[in-house]
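Here is what each chain is made of, one letter per residue.
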Amino acid sequence: MENLFAILVVLIPILGIIGGVFLKPWLTLREKQLATEASMVAEKAAQYAAQTEKLEQRVRVLERIITDRGLALSDEIDALRIGGEAPARIEH
């Protein structure tokens, strides 16, 4: 029992020193790696958000073109049914 106590008294400080020498720098390195990864993820998320915004703008433009052209096409069809001239095209 006394031998076990003596071994623990010697091992605990040794483990503390080893932990301080090896474990602390590893934890610091891991923390820096995680911070770098988080920064990269945030940057990628910002890029995706910007790309999504651009795509949404393009879709809005296409919707407007389709809607505007749909009205003009409807007017042209109505004019043909009536037998009159098709209205001038609206160019955007």
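Structure shown above.
**A short note on the overall build of the chain**
In terms of regular secondary structure, the chain is built from one helix and zero strands. Here the chain holds 92 residues, and the buried ones make up 3% of them. Of the accessible surface of the chain, which amounts to about 8,500 Å², a share of 67% is contributed by carbon and sulfur atoms.

**Topic: a nonpolar patch on the surface**
On the surface, Phe5, Ile7, Val9, Val10, Leu11, Ile14, Leu15, Ile17, Ile18, Val21 and Phe22 cluster together into a nonpolar patch covering about 1,100 Å² of accessible area. In this structure, Val9 sits in helix α1 (residues 2-82). Taking relative accessible area as the criterion, Val9 reaches 44% and is therefore assigned partly exposed.

**What to know about the pattern of salt bridges**
Overall, the coordinates contain one salt bridge when judged by the stated rule. Across the pair Glu53 and Arg60 runs a salt bridge whose closest N-O atoms are separated by 3.4 Å. Its relative accessible area of 35% is what places Glu53 among the partly exposed residues. For Arg60, a relative accessible area of 43% translates into the label partly exposed.

Rules and cut-offs
Residues numbered from 1 in each chain as written. Predicted model: local features only at pLDDT ≥ 70, side-chain atom pairs only at ≥ 80, totals over all residues. Heavy atoms only, no water. Helix = DSSP H or I, 4+ residues; strand = E, 2+ residues; numbered from the N terminus. Buried < 20%, exposed > 50% of the residue type's maximum accessible area, 1.4 Å probe, protein only. Areas by Shrake-Rupley, 256 points an atom, 1.4 Å probe, with all protein chains shown as cover. Patch = residues over 30% accessible without salt bridge, like charges linked within 9 Å, V, L, I, M, F, W, Y side chains within 5 Å. Salt bridge = Lys/Arg side-chain N within 4 Å of Asp/Glu carboxyl O.

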